[in-house]
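# Fold and geometry: a report
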Amino acid sequence: MLRAGRHHSSATEELQIIPPSKLSVEGVSKSFRSASGNVLALDRVSLKVAEGEFVCLVGTSGCGKTTLLNIIAGLEKADSGAVLADGKPVTGPGRERLVMFQEPALFPWLDVFGNVLFGLKLKPNLTNEDRREVAKYYLELVGLSRFEHANIHELSGGMKQRVSLARALAPNPRVLLMDEPFAALDALTREQLYGDIQEIWKARRKTIVFVTHNVREAACLGDRVLLFSPHPGRIQEEFTVNLPRPRDINSVDLAAHATQITKALKSAGKAEAIAPK
Amino acid sequence: MKRFLLAAAFFAVLVLLWEAAYRAKIWSPVLLPSPSQVVTYLEGAAADGTLARATVITMRRLLIGYFIGLVVGLPLGLLTARWKLFGDTIGTLALGLQTLPSVCWVPLALLWFGQTEAAMLFVVVMGTLWSVIIATETGVRNVPPIYRRAALTMGSKRLHMWFKVILPAALPFIVSGMKQGWAFAWRSLMAAEIFVTILTGFGLGQLLHYGRELSAMEQVIGIMIVIVVIGLLADKIFFSPIERFLHRRWGTSQA
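The structure contained in this document is the topic of the report that follows. (Residues numbered from 1 in each chain as written. Chains lettered and ligands numbered in written order. Predicted model: local features only at pLDDT ≥ 70, side-chain atom pairs only at ≥ 80, totals over all residues. Heavy atoms only, no water.)

Let us look at the side chain of A:Thr212. Residues and elements named next belong to chain A. Note on placement: Thr 212 falls in strand 8 (residues 207–212). A distance of 2.9 Å separates polar atoms of two side chains, one belonging to Thr 212 and the other to Glu 217. With residues near it in sequence (within four places) discarded, Thr 212 still touches Leu 57, Val 58, Gly 59, Lys 65, Glu 180, Glu 217 and Ala 218. (Helix = DSSP H or I, 4+ residues; strand = E, 2+ residues; numbered from the N terminus. Polar contact = N/O pair within 3.5 Å; in protein donor to acceptor, adjacent residues only side chain to side chain. Contact = heavy atoms within 4.5 Å.)

The biggest cluster of nonpolar side chains holds 154 residues, and the ones touching the most others in it are A:Leu57, A:Leu68, A:Leu165 and B:Leu204. In terms of residue count, the dominant contributor to this core is helix 8 (residues 158–195) of chain B (16 residues). Sequence-distant contacts of A:Leu68, that is, excluding residues within four places in its chain, are made with A:Val25, A:Leu42, A:Val45, A:Leu47, A:Leu57 and A:Phe228. (Core = buried A, V, L, I, M, F, W, Y, C linked by side-chain atoms within 4.5 Å. Buried < 20%, exposed > 50% of the residue type's maximum accessible area, 1.4 Å probe, protein only.)

All names here are of chain A. Summed over the entire model, instances satisfying the criterion amount to 16 salt bridges over all chains. The shortest N-O distance in the salt bridge between Asp 43 and Arg 44 comes to 3.0 Å. Between Asp 43 and Arg 234 there is a salt bridge; the shortest N-O distance is 2.6 Å. Of this pair, Asp 43 sits in strand 2 (residues 37–49) while Arg 234 sits in strand 10 (residues 234–240); the two residues are 191 residues apart in sequence, bridging distant segments of the chain. Residue Asp 43 is classed as buried on the basis of its relative accessible area of 8%. Connected through shared salt-bridge partners, Asp 43, Arg 44 and Arg 234 make up one network. (Salt bridge = Lys/Arg side-chain N within 4 Å of Asp/Glu carboxyl O.)

A few words on the pairing of strand 4 (residues 80–85) of chain A. Here is the key point about a regular strand: its side chains alternate between the two faces of the sheet. Residue and element names in this part refer to chain A. Two strands pair when backbone bridges link them, and strand 1 (residues 23–34) and strand 4 are joined in this way by 5 bridges, in the antiparallel orientation. The residue bridging Val 25 from the neighbouring strand is Val 83, located in strand 4. Relative to strand 5 (residues 88–89), strand 4 is paired through 2 bridges, and the arrangement is antiparallel. Within strand 5, the position partnered with Ala 85 by the bridge is Lys 88. Here strand 4 hands over to strand 5 after 2 residues, with Asp 86 in that stretch at a positive phi of 50°. (Pairing = 2+ DSSP bridges.)

See below:
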């Protein structure tokens, strides 16, 4: 029990890169009750995400992509179908699959450090020393070491999302689920974060499912882009983005991909406008 | 420093006006004693221990009753927020009884418990309890669902969720409920002490009452000042630091 330097080796262990998960969504359907009757948000959606793959789900708002993300996270239950993570069915939320939300869901009663520490404290078999060390590492990774003791309301929108990212990364999940995490940020901050997230993804090897309505963003970040069509939510088309990384959101090659996806997105919108609900 | 001096000057002027009114002899000195007479009374009461004894007795009733009110009220507030059944029953009851001025509990307390300490405690608990229940319930209901969801994904559940997420998130509401409960308890205890002589101890309210019986106006005013000072101290020493912390953390405006 009293091995010398035990806590040190344990924090190092905790920081080790662990193999990312593969995800498989199999025929997931989900409907909601609304004033105008039952709305089918997801209609037998199936998709596979390989270990360490970066997949973007793109679609207009209300197409069910966030619902799908919540189901993968285990925060919502599918009416039918299943989600498998490494072959095992997902039955509820768990720290193997952490979520980064659109609005920073940081806890205002804790400071920056306390927020990053939150998930770590729920991880057993770590000393508090280890936890602090790990939290420091991730704050450094997102470039916010200097703001350890800042209150949440003192941070800018971009900084808040960096803290959210550090908080999601800290318990070392195998999957990162991101729900339009940059939608509320200004363009300049966003571009910075595109660079950061690619670097971190490369460094920490996570499987990432990234929901967005921004086609360019999807083309910039994803290995694959899945296009959702609404009413009912379905995967309409799939694009592979084979550009070298790190990618620059303003590059011409990327624009070509984005244009192609946008065209498909628009035709989906038209089809919906013609077809009665 | 400048703020302090201005405030000090304000109170000095108040005392001077009072002294001037006394010297003008508009009212009989029996009805309006001079500031120095009040100070003399307070000195005497402090010297023979009357004041300290009464303060200790009153504060003991207040603190014990308040503590009971918090210990019972907080969990009841959580239950009413969590389960519909409790919300419909205890929640509605609390809402109703909170509108009842807490002085109204005094006659009932006397009939149930007689002229005892228990009657005093009961009144204080009734003053505290309903405010705390309602504030806790409101606080919990106003916790943004996204906090729960975020915590769920990180593996928080049940007790951990309650103590590390929901309660802290509801803290601003709970603290304002605690403050309101304190104010209600303090008022109702004074009313009870003035109404009723409890033989096991003379509190500040009883000193006030006997000041009236003896037509000792300097006693009445002196005790009133003591009561005001205690209220101020409770606010400055206990509630203000907590509120300052909440304002700083949450970034809400600091008035």
